[in-house]
Amino acid sequence: MRSRTRSCSEMSISLSASPSPAEREALRLSRSPPTAASPPLVGALIESLSFGSCGFGRAASSAFEKEDLRLRIALPQRLRDALHAALKARDPSASAFTLEEAPGVGTAANPWFALAPEDAPENPLVALVNPRSGGRLGPVLKSRLQELIGEDQVFDITVVKPSAFVEYGLGCLEQLADYGDHSARSVRNNLRVMVAGGDGTVGWVLGCLGELYVQNRGPVPPVAVIPLGTGNDLSRSFGWGASFPFSWKAAAKRSLYKAILGTVSCLDSWHIVVSMPEEGEEQELDLPHSLRHLGECTFYDDGTAEGELAETVCCFDDVFYNYFSIGMDAQVAYGFHQLRDEKPFLASGPLSNKLIYAGYTCKQGWFFTQCISDPELRGLTNIIRLSIKKMDSSEWEHIPVPSSVRAIVALNLHNYASGRNPWGNLKPEYLEKKGFVEAQSDDGLLEIFGLKQGWHASLVMVELISAKHIAHAAAIRLEIKGGQWRDAYMQMDGEPWKQPLSTEYSTFVDIKRVPYPSMIISGADR
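Remember, predicted model here, so these are calculated numbers, not experimental data. (Residues numbered from 1 in each chain as written. Predicted model: local features only at pLDDT ≥ 70, side-chain atom pairs only at ≥ 80, totals over all residues. Heavy atoms only, no water.)

Next up on the list: the overall build of the chain. Of regular secondary structure, the chain possesses 16 helices and 19 strands. Out of the 526 residues belonging to the chain, those deemed buried represent 54%. Relative to all contacts within the chain whose residues are 6 or more apart in sequence, the contacts with residues 24 or more apart total 78%. Total accessible area computed for the chain in this model is approximately 24,000 Å², and 51% of it derives from carbon and sulfur atoms. (Helix = DSSP H or I, 4+ residues; strand = E, 2+ residues; numbered from the N terminus. Buried < 20%, exposed > 50% of the residue type's maximum accessible area, 1.4 Å probe, protein only. Contact = heavy atoms within 4.5 Å. Areas by Shrake-Rupley, 256 points an atom, 1.4 Å probe, with all protein chains shown as cover.)

So, in structure tokens, the structure goes:
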């Protein structure tokens, strides 16, 4: 079968003179892709042949599926070269070798675009892989994906950041499309993105793709998931599974087929802004990679603040998709991440990660308050004032925080902490009594609940009881008054940090829904 990819040297043409219409048509036909691609999963037919029991059928099936997948996904070589040139130079115009003007011919009439074949794949896809996720499986999976869809379409996010891919990679395709390359336009409009990593990695990619809405650069590519994290709650919620299976070679191929054929669902995104007094504490912040430092800004109090307000505040923001939490659960996650950074060999996979989490849960005093600490300082009600806005309301409403709560979670999905449902499946009469509605991932609401001591959290995690229901909210404001607390622990989608607190001024956390949805491909369709 003839390859659908071509090197740039094979695609080069003389720009010294404009070709005639007849020459243009002849060249177009000579470069046309095969008109009939192999039908999807044709290997299933071979597998049913009589010699399949001898092992030849399975081998042939695998080869045909791989070839079919490559035909569906692989970008033309010239577009792959252009993508990598733009990413390497950090300039979407760096693929200018395809945009050279013919002598005396304007760019709009450049014969390159008049003769460029319309050879876009049916289901263009690129993969963004976090090799640090999944223990030792991350780098191996990266190699497997490169084998299936080509090295040029698999990007290591430790080398090519998702923000760079959006700005320079997609920007390159958009420029080529604007200059008349129909294949580049087709690839840009139909592109899908496979993300291999944990929930934090998926959220990072979704956040970068969401910038396309702000920049009016639609359409926004939908995202599929290969779960390599510890909890993988976002992956579970959209049918991609709890973890990547041991038979990962076959699973990688199945995941790619799901990615190109699955239906697209919507997911609420939540914008969070943390405003802290500018007293030099920001120097101590070790923020997750996805948080953006906004510098000095102004905090507008609309009547909810109770403590002292600093004249100037330092702000940083982010977007989350699953949950935001503050308290003991975030402190445990922070301790785990610190250990993983210092001794990465200890956190070599999901099982060892969960054992370490369990150890930190006991060490941090969630089960037994440390004797040297005042138990009254452990309740979040001592430092937090919670205000919410309900659906279709512009007024803030103060919500008391139960004195026993030591962790507050604002949840968007049904899954939390490795597939648990702490909110629970509530009965209609209870929902009506509390003024709640049935939780959905695209309903514009967050479920706010509390976890008490470790024993309570353990029973919630095994789903023997529900968490402490606090509120349903369309917007949230937390005012954190330090006092005797020097810092508070926070996390979003598994990315924790230690937030320093002022003894004099309040710190604020504001959460509101992003006005546009994130696009997730369903993994449960096939």
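Back to the write-up after that little detour.
It is worth spelling out helix 8 (residues 162-178) at this point. Taking 1.5 Å per residue, 17 residues should reach 24 Å; helix 8 reaches 23 Å between its end C-alpha atoms and fits that length. The axis of helix 8 is deflected most strongly, by about 30°, at Gly171. In terms of residue burial, helix 8 counts as a mostly covered element, since 13 of its 17 residues are buried. Trailing helix 8 by a residue or two, Gly180 shows a phi angle of about 110°, which is positive. (Expected span 1.5 Å × (residues − 1). Bend = angle between axes of the 7 residues up to and from the residue.)

Next up on the list: helix 5 (residues 77-89). Compared with an ideal rise of 1.5 Å per residue, which puts 13 residues at 18 Å, helix 5 spans 18 Å between its outermost C-alpha atoms and is within 8% of the ideal. Buried within helix 5 are the following residues: Gln77, Arg78, Leu79, Arg80, Ala82, Leu83, Ala86 and Leu87. Looking one or two residues beyond helix 5, the residue adopting positive phi is Arg90, at roughly 55°.

Considering all chains together, one arrives at 15 salt bridges under this definition. Note that Asp119 is salt-bridged to Arg78, the shortest N-O span being 2.9 Å. Remark: Arg78 occurs in helix 5 and Asp119 occurs in the loop between helix 6 (111-115) and strand 1 (125-129); sequence separation between them is 41 residues. Exposure remark for Arg78: the relative accessible area of 3% places this residue in the buried category. The salt bridge involving Glu174 is made with Arg188; its shortest N-O contact spans 3.0 Å. (Salt bridge = Lys/Arg side-chain N within 4 Å of Asp/Glu carboxyl O.)

This paragraph deals with the nonpolar core. Of all hydrophobic cores here, the largest spans 66 residues; its most connected members are Leu145, Leu234 and Phe244. A per-element tally of this core places helix 8 first, with eight residues. In this structure Phe244 touches Leu137, Leu141, Ile226, Pro227, Leu228, Ala251, Ala252 and Ser255, once residues within four positions along its chain are discounted. Residues Ile272, Leu285, Ile384 and Met492 belong to the second largest nonpolar core, which totals 37 residues. (Core = buried A, V, L, I, M, F, W, Y, C linked by side-chain atoms within 4.5 Å.)

The next thing to look at is the state of the cysteines. Throughout the structure, instances matching the rule amount to one disulfide. Two residues share a disulfide in this structure: Cys297 and Cys315, whose sulfurs sit 1.7 Å from each other. Its S-S torsion of approximately 50° makes the covalent link between Cys297 and Cys315 right-handed. Here the residue Cys297 occupies a position in strand 7 (residues 292-297), and Cys315 occupies one in strand 8 (residues 313-320), the gap between them amounting to 18 residues. (Disulfide = S-S within 2.5 Å.)

With that settled, the discussion passes to the environment of Gln331. If you trace the backbone, Gln331 turns up in helix 13 (residues 328-342). Distance from Gln331 to Pro496, taken between C-alpha atoms, is 7.7 Å for residues 165 residues apart in sequence.

Below, the discussion takes up the sheet that holds strand 13 (residues 446-451). Strands sit in the order 14-13-12-9-16-17 across an open sheet of six strands; the sheet is antiparallel. Whereas interior strands pair on both sides, the edge strands pair on one side only; in this sheet they are strand 14 (468-473) and strand 17 (495-500). For this sheet, the mean inter-axis angle between neighbouring strands, taken without regard to orientation, is 20°. Across six bridges, strand 16 (residues 487-492) lies against strand 17 in antiparallel orientation. Residue Met492 lies in a different strand from strand 17, and its bridge partner there is Glu495. (Pairing = 2+ DSSP bridges. Axes fitted to C-alpha atoms, helices over the stretch in contact; angles between N-to-C directions.)

By volume, the second largest pocket amounts to about 690 Å³. Lining the second largest pocket are 37 residues, with Gly207, Cys208, Glu211, Arg292 and Val319 positioned closest to its centre. For the lining of the second largest pocket, the secondary structure elements donating two or more residues are helix 8, helix 10 (199-214), strand 8 and strand 18 (507-513). Per-element tally for the lining of the second largest pocket: the top contributor is helix 10, with 10 residues. The residue makeup of the lining of the second largest pocket, split by class, is 14 nonpolar, 11 polar and 12 charged. (1 Å grid on protein atoms, 1.4 Å probe; cavity = no way out; pocket = protein on both sides within 12 Å on 5 of 7 lines; lining within 4 Å. Points joined across faces, edges and corners; volume = space filled by probe spheres on them. Nonpolar A, V, L, I, M, F, W, Y, C, P; charged D, E, K, R; others polar.)

Put simply, helix 5 and helix 8 touch, their axes get as near as 9 Å, and they point 135° apart. On the basis of their axis angle, the class for helix 5 and helix 8 is oblique. Taken as a pair, helix 5 and helix 8 cross one another with a handedness that is right-handed. Across the interface between the two elements, Leu79, Ala82, Leu83, Ala86 and Leu87 from helix 5 touch Ala164, Phe165, Tyr168, Gly169, Cys172, Leu173 and Leu176 from helix 8. Residue composition of the contact of helix 5 with helix 8, grouped by class: 11 nonpolar, one polar and no charged. (Parallel < 35°, antiparallel > 145°, perpendicular 65-115°, else oblique. Left-handed = near helix turned anticlockwise from the far one by under 90°.)

Quick look at the packing of aromatic side chains now. In total, this model carries eight aromatic pairs according to the counting rule given. Plain terms: the ring middles of Tyr334 and Tyr489 are 5.4 Å apart, the flat faces sit at 55° to each other, and that makes the pair tilted. Taken as a pair, Tyr334 in helix 13 and Tyr489 in strand 16 lie far apart in primary sequence, 155 residues in all. This pair shows no difference in class: Tyr334 is buried, exactly as Tyr489 is. With a centroid separation of 5.8 Å and 80° between ring planes, the pair formed by Tyr416 and Phe449 is classed as edge-to-face. (Phe/Tyr/Trp six-rings, centres within 6.5 Å; stacked < 30°, edge-to-face > 60°.)

These figures capture arrangement, not role.
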